[in-house]
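Working through the structure, step by step
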Amino acid sequence: MSRKIKNQIPLLITITILSIFYFMGVGEVPFHPDESTQIFMGRDIELLFSQPSAVKFNPEDADNLRQKYRLLDPPLSRWFIGSAQVLFKLPPLENDWDWSKSWDDNIRNGALPSPEMLIIARLAVCFVFPATLYLSYQIGQSLGGKPTAWLNLFLTAMNALVLLHTRRAMAESLLIFFYCMTLYWAVKPQKHTWLIALPATLAFNAKYSAASLFLTGTIFCFFYTPKHPNKANILKSLLYYALLCILITFLLNPVLWNSPLKAVKAAVLERQILLDAQTKAIGSYNPAQTPPTLSGRLLAVVAQVFIAPPAVADVGNYLTATQPQSSIYFSRPWNDLTSGFFRGGFLLALSLIGLILMVRHQFSTSVKLPNPQFLFILAFLFQIAAILIGIPLSFQRYYLPLLPYITIFIAYAVEAGLRSGLNHSPQKADSSINMH
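Here we summarise the structure given alongside this text. (Residues numbered from 1 in each chain as written. Predicted model: local features only at pLDDT ≥ 70, side-chain atom pairs only at ≥ 80, totals over all residues. Heavy atoms only, no water.)

So, on to the overall build of the protein chain. Scanning the protein chain from terminus to terminus reveals 21 helices and 0 strands. Taking 436 residues into account, the globule formula puts the C-alpha radius of gyration at 22 Å, and the protein chain, at 23 Å, falls close to it. Its C-alpha atoms give the protein chain principal-axis dimensions of roughly 85 × 60 × 55 Å. Put simply, the protein chain has 436 residues, and 51% of those count as buried. Pairs at least 24 apart in sequence give 79% of the contacts found in the protein chain among residues at least 6 apart. Looking at charge distribution, the protein chain has the averaged site of its 34 positive side-chain charges lying 15 Å from that of its 22 negative ones. (Helix = DSSP H or I, 4+ residues; strand = E, 2+ residues; numbered from the N terminus. Rg over C-alpha atoms; globule rule 2.2 N^0.38 Å. Buried < 20%, exposed > 50% of the residue type's maximum accessible area, 1.4 Å probe, protein only. Contact = heavy atoms within 4.5 Å. Lys, Arg positive; Asp, Glu negative; His and termini not counted. Charge placed at Lys NZ, Arg CZ, Asp CG, Glu CD.)

Our next topic: the state of the cysteines. The final tally for this structure, using the stated rule, is 0 disulfides. Cysteine 180 carries a free sulfur, and the closest cysteine sulfur to it, the one in cysteine 126, is 15 Å from it. Cysteine 245 supplies the cysteine sulfur nearest to cysteine 221, a cysteine that is in no disulfide, at a spacing of 8.2 Å. Judged by relative accessible area, cysteine 221 falls into the buried class, the value being 0%. (Disulfide = S-S within 2.5 Å.)

This brings us to helix 4 (residues 65-72). Residues lying three or four places apart along an α-helix face the same way, a consequence of the helix completing one turn every 3.6 residues. Counting buried residues in helix 4 gives 6 out of 8 residues, a clear majority hidden from the surface. All of the buried residues along helix 4 are Arg66, Gln67, Tyr69, Arg70, Leu71 and Leu72. Its buried side turned inward, helix 4 meets helix 2 (33-41), helix 3 (44-50), helix 5 (76-87) and helix 15 (260-285). Sitting at the amino-terminal end of helix 4 is asparagine 64, which places a side-chain oxygen 2.9 Å from the backbone nitrogen of arginine 66. (Polar contact = N/O pair within 3.5 Å; in protein donor to acceptor, adjacent residues only side chain to side chain.)

Counting 100 residues, the largest nonpolar core has Ile139, Val301, Phe376 and Tyr405 as the members making the most contacts within it. When near neighbours in sequence (up to four residues on either side) are disregarded, phenylalanine 376 contacts Ile139, Leu143, Leu183, Val187, Met358, Pro404, Tyr405, Ile408 and Phe409. (Core = buried A, V, L, I, M, F, W, Y, C linked by side-chain atoms within 4.5 Å.)

Further remarks concern unusual backbone geometry. Phi is positive for lysine 89, which is not a glycine, with a value near 55°. If you trace the backbone, lysine 89 turns up in the loop between helix 5 and helix 6 (103-108).

Using the criterion set out here, one finds 24 aromatic pairs in the structure. On the numbers, 5.2 Å between centres and 80° between planes, the contact of tyrosine 22 with phenylalanine 23 is edge-to-face. Three or more aromatic residues joined by ring pairs make a cluster, and in this case those are Phe31, Trp97, Trp99, Trp103 and Tyr318. Arginine 167 extends its terminal NZ or CZ atom over the ring of tyrosine 22, reaching a point 5.2 Å from the ring centre. (Phe/Tyr/Trp six-rings, centres within 6.5 Å; stacked < 30°, edge-to-face > 60°. Lys NZ or Arg CZ within 6 Å of the ring centre and 35° of its normal.)

The next thing to look at is a nonpolar patch on the surface. A grouping of Ile9, Ile13, Ile17, Ile20, Phe21 and Met24 is seen on the molecular surface, where their side chains present a nonpolar patch of about 590 Å² in accessible area. Note on placement: isoleucine 13 falls in helix 1 (residues 3-24). By relative accessible area, isoleucine 13 is classed as partly exposed at 48%. (Patch = residues over 30% accessible without salt bridge, like charges linked within 9 Å, V, L, I, M, F, W, Y side chains within 5 Å. Areas by Shrake-Rupley, 256 points an atom, 1.4 Å probe, with all protein chains shown as cover. Salt bridge = Lys/Arg side-chain N within 4 Å of Asp/Glu carboxyl O.)

Relative to the helices and strands, glutamine 396 resides in the loop between helix 19 (372-390) and helix 20 (403-423). The buried category is assigned to glutamine 396, whose relative accessible area is 2%. Glutamine 396 has contacts with Leu161, His165, Gln304, Ala308, Pro309, Pro310 and Ala311, leaving out every residue within four places of it along the chain.

Bringing the pattern of salt bridges into the picture now. Between side chains of opposite charge, a pair can form when the charged atoms approach closely. Summed over the entire model, instances satisfying the criterion amount to 13 salt bridges. Among the ionic pairs, arginine 70 bridges to aspartate 44, the shortest N-O distance being 2.8 Å. Pair noted here: arginine 70 is in helix 4 and aspartate 44 is in helix 3, with a separation of 26 residues, a long-range link. Note on accessibility: arginine 70 and aspartate 44 belong to one class, buried.

Look at helix 13 (residues 213-223) against helix 19: their axes get within 9 Å of each other, and the N-to-C directions meet at 150°. Regarding the angle of helix 13 to helix 19, the classification is roughly antiparallel. Where helix 13 crosses over helix 19, the two elements pack in a sense that is right-handed. For the pair helix 13 and helix 19, contact is made by Leu215, Thr216, Ile219, Phe220 and Phe223 and by Phe374, Leu375, Leu378, Ala379 and Phe382, respectively. Residues belonging to the contact of helix 13 with helix 19 are distributed by class as follows: 9 nonpolar, 1 polar and no charged. (Axes fitted to C-alpha atoms, helices over the stretch in contact; angles between N-to-C directions. Parallel < 35°, antiparallel > 145°, perpendicular 65-115°, else oblique. Left-handed = near helix turned anticlockwise from the far one by under 90°. Nonpolar A, V, L, I, M, F, W, Y, C, P; charged D, E, K, R; others polar.)

Here's what the structure looks like:
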């Protein structure tokens, strides 16, 4: 066994233990009706091979519910869930969840997946958790040192929002995984354009809130063009990056295969109609969830990410029905270790300190720009700006793309504090006096 592999053993053991606890709790996570939608749409993998025309855009089939979802939502989670359904020979969920109906009516309509179907669908997307932890460790090591790497690993594994939102049959688990993979390659010393384009595009096709990663990739092409960074090579790198992103998105979305431009236009329209309807409906009975100003949205981000408990629901339609499951889930203290006024406030302070220290480090005369920390900070600024400008609804799960940055800032701040404490320890002071 090589020395490099031996050095990885403590890390792999730690990830294994944390992952066992994570997977043990998959069945206890309170059900979210959007899980039914993802499982309902999982049938697309079967239709793709048995009836390919059914998954392509048809302008004359505008009222088709499945087509609406293909236009509205990114496809990655339904490909994973649908593949698991085919692998385990599960019957498709015939009906989608109807938010206008009661819990009991949806059950009678067959919109609630069976326990077996729900567990398999959840595992189909959250199986990437161990790899996410490994990437979190590597990102921390690239941006700080061993303490930052280990702290980032544990902060990711124990984050209350990660534990809830990524263990459901929805998009968040794949989003966080491919988001971390993008950041992992972005902060590596040796880089290639396709290693940024692939995970960034997959993150986008998991959830559209990762769109800011395309800007990160663009900056990457400007600063890290291999070999001779002249204008021609930079332009080639940008074109290569853009073509890869477009090609991957096209291949993952059969709805685009017939009439790409018409399908994109229809998708933008459907998305705008849905967003307007959600904003109007939710704002009418809870204006706090639709803050109109940037400062209000920033406060909503802080509240949802650091203070508010893990949100088992975005709206309160079915809270009574899910209360028994929620009570079981939150009876496990490790499922909510990072939220609350005091704990969350402390983590908020550490994350701000870490961000400030990292920015300050960029102004050091000994630091060469650009560098991995510089690109990481830019990526964070792109992401927070995209959320504040583009997301009018303060749903907690919409803010998950910020977590890979927040955990790093916290870990970086703690490592800086430890380093400062060691540098000013009494032993160091005594040795310094004796030397003089």
